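# A closer look at the structure
Spelled out, the chains give:
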Amino acid sequence: MQKEGKGINPFEIAQRQVDIVKPYLDVDPGILEKFKTTRRELTVHFPVKMDDGSIKMFTGYRIQHNDTRGPFKGGIRYHPDVDIDEVRALAMWMTWKSAVANIPFGGAKGGIACDPKKMSKSEIERMTRRFTWEISMLIGPEVDIPAPDVYTNPQVMAWIMDTYSIFKGYAVPGVVTGKPLELGGSLGRFEATGKGVVISTQNACKQLGIPLEGAKVAIQGCGNVGGIAAIYFERLGAKIIAISDSKGGLYNQDGLDIKAALDCKTKYFCLLSDKVTKSEPISNKELLELDCDILVPAALESQITKENANNIKAKLIVEGANGPTTPEADEILYEAGKFVVPDILANAGGVIVSYFEWVQNLQELLWSEEEVANRLENILTRSFKEVYTISEEKKVNMRTAAYILAIGRVAKASKLRGLYP
Ligand code: NAD
């Protein structure tokens, strides 16, 4: 089945990625087939009262892929393109991401097909609260813990936590992560994914002998992941030569003023070259093909495909987004000698600090920012080394190596638990 409008079905891609590692794993083929399907899928159609008094129907999903190693875990996306296959793919990728980082979570994902840019804050709040109620039979701190994803944020997590807590009759901060600090959020969670992308880039640069200071970086997306990664890259002396949002981006081959670009995005809700000094407009297509050292796709899936992979000039591609590269593009990039740090490793910072947040909530602890930062860096660096070692030993690209590690871990856990009955 093709994903309407995009032509590429992310769930088929996710399933093919499991097939690609089959030859490297000594795992019962039946178990691998199980991994290619999801465990539970809830589709909900629900009404929301809009500000003008009309009632609008929305469709949302919560999909749980695997909980062999721990509770289901994964974000909630608000985007017009959300559909069941996208959520299935994102849920499966969460299972592998938790396993690569070796944190005791499984994988899930949720989403609502909606355009939050055309909704008021109170409409988004009512939609969030109703959706929380609709999926409340599946979520909970010991079962399935949502978090932010595209176009959701700490405020949305606060509404989910509040709605869930009202039904329970007591405060349940552990039901979501990525909450505001005032409600039991963890220090360092908001910046964790973008910062983690930069730590993963540092690890790759060390391995490849690319100095990060002075390196030219192009970033697609300037939200939680892309925007925060840009700030950390700039702090380390890299030059951000381009950054974009859904409407296009800004370019300066000597390096953009990232604060000015992000301030412009906050003030005008888009990136305007006449508001950011020494910047020129650039399309998302041009950005991906720029002459740069490091490319960070940090927006949506299926951005690097067989159509443009040959035109990618960056030596190092670090996937901030989930699923930005198709399997065909992966092969082209590998043949061309490009080094790709795959999503399930590169953007694992978010789920790692979500795990820290959850642990703090359950144990009523409060870790310092330094403690969170050190633990995050240790896990990401250890995971990078483990994946890199497998890629060298098996002579495979980093994605295949990450899948060998992740699926191998989930398969071992699955074997130990056995099959019921
Ligand atoms: P966000 O909503 O904060 O930002 C999304 C960004 O993508 C925005 O800048 C938006 O303008 C841009 N964008 C949207 N459509 C685009 C398009 N067609 N072309 C170019 N840019 C476009 O979302 P986010 O949390 O930064 O998520 C970005 C990616 O990172 C997603 O793939 C998400 O699944 C992944 N991710 C997020 C987290 C997290 O903790 N937030 C963790 C892991 C992975």
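Use the structure listed above.
Summarised in this report is the structure supplied together with it.

Parameters and conventions
Residues numbered from 1 in each chain as written. Predicted model: local features only at pLDDT ≥ 70, side-chain atom pairs only at ≥ 80, totals over all residues. Heavy atoms only, no water. Pairing = 2+ DSSP bridges. Helix = DSSP H or I, 4+ residues; strand = E, 2+ residues; numbered from the N terminus. Near = heavy atom within 4 Å. Polar contact = N/O pair within 3.5 Å; in protein donor to acceptor, adjacent residues only side chain to side chain. Areas by Shrake-Rupley, 256 points an atom, 1.4 Å probe, with all protein chains shown as cover. Nonpolar A, V, L, I, M, F, W, Y, C, P; charged D, E, K, R; others polar. Domains from an automatic or database assignment. Axes fitted to C-alpha atoms, helices over the stretch in contact; angles between N-to-C directions. Parallel < 35°, antiparallel > 145°, perpendicular 65-115°, else oblique. Left-handed = near helix turned anticlockwise from the far one by under 90°. Contact = heavy atoms within 4.5 Å.

### Re the pairing of strand β1 (residues 40-49)
Pairing between β1 and strand β2 (residues 55-66): 10 bridges, direction antiparallel. In the strand pairing of β2, Val-44 is matched with Gly-60. The loop that links β1 with its antiparallel partner β2 comprises five residues; one of these, Gly-53, has a positive phi angle of about 95°.

### Here we look at the site of the ligand
Neighbouring the ligand are 24 residues; Asp-149, Tyr-151, Thr-193, Asn-224 and Asn-322 lie closest to it. With respect to the ligand, the side chain of Arg-189 contributes an N or O atom lying 3.2 Å from an oxygen atom. Between the ligand and the protein, one listed contact pairs an oxygen atom with a backbone N or O atom of Gly-320 at 3.4 Å. Contact with the protein chains hides 90% of the accessible area of the ligand, taken as 820 Å² for the molecule alone. A breakdown of the residues in the shell around the ligand according to their chemical character gives nine nonpolar, 10 polar and five charged. Taken domain by domain, the shell around the ligand gets at least three of its residues from each of domain 1 (40-174) and domain 2 (192-346).

### Some words on the packing of helix α6 (residues 192-208) against helix α13 (residues 369-394)
Orientation of α6 relative to α13, taken along the N-to-C sense of each, is 45°, at an axis distance of 10 Å. Between α6 and α13, the crossing angle belongs to the class labelled oblique. α6 and α13 meet at a crossing whose hand is right-handed. Counting all contacts with α6, which are made through Ala-192, Lys-195, Gly-196, Ile-199, Ser-200, Asn-203, Ala-204 and Gln-207, the residues of α13 involved are Ala-373, Leu-376, Glu-377, Leu-380, Thr-381, Phe-384 and Tyr-388. Looking at the contact of α6 with α13 residue by residue, the class counts come to eight nonpolar, five polar and two charged.

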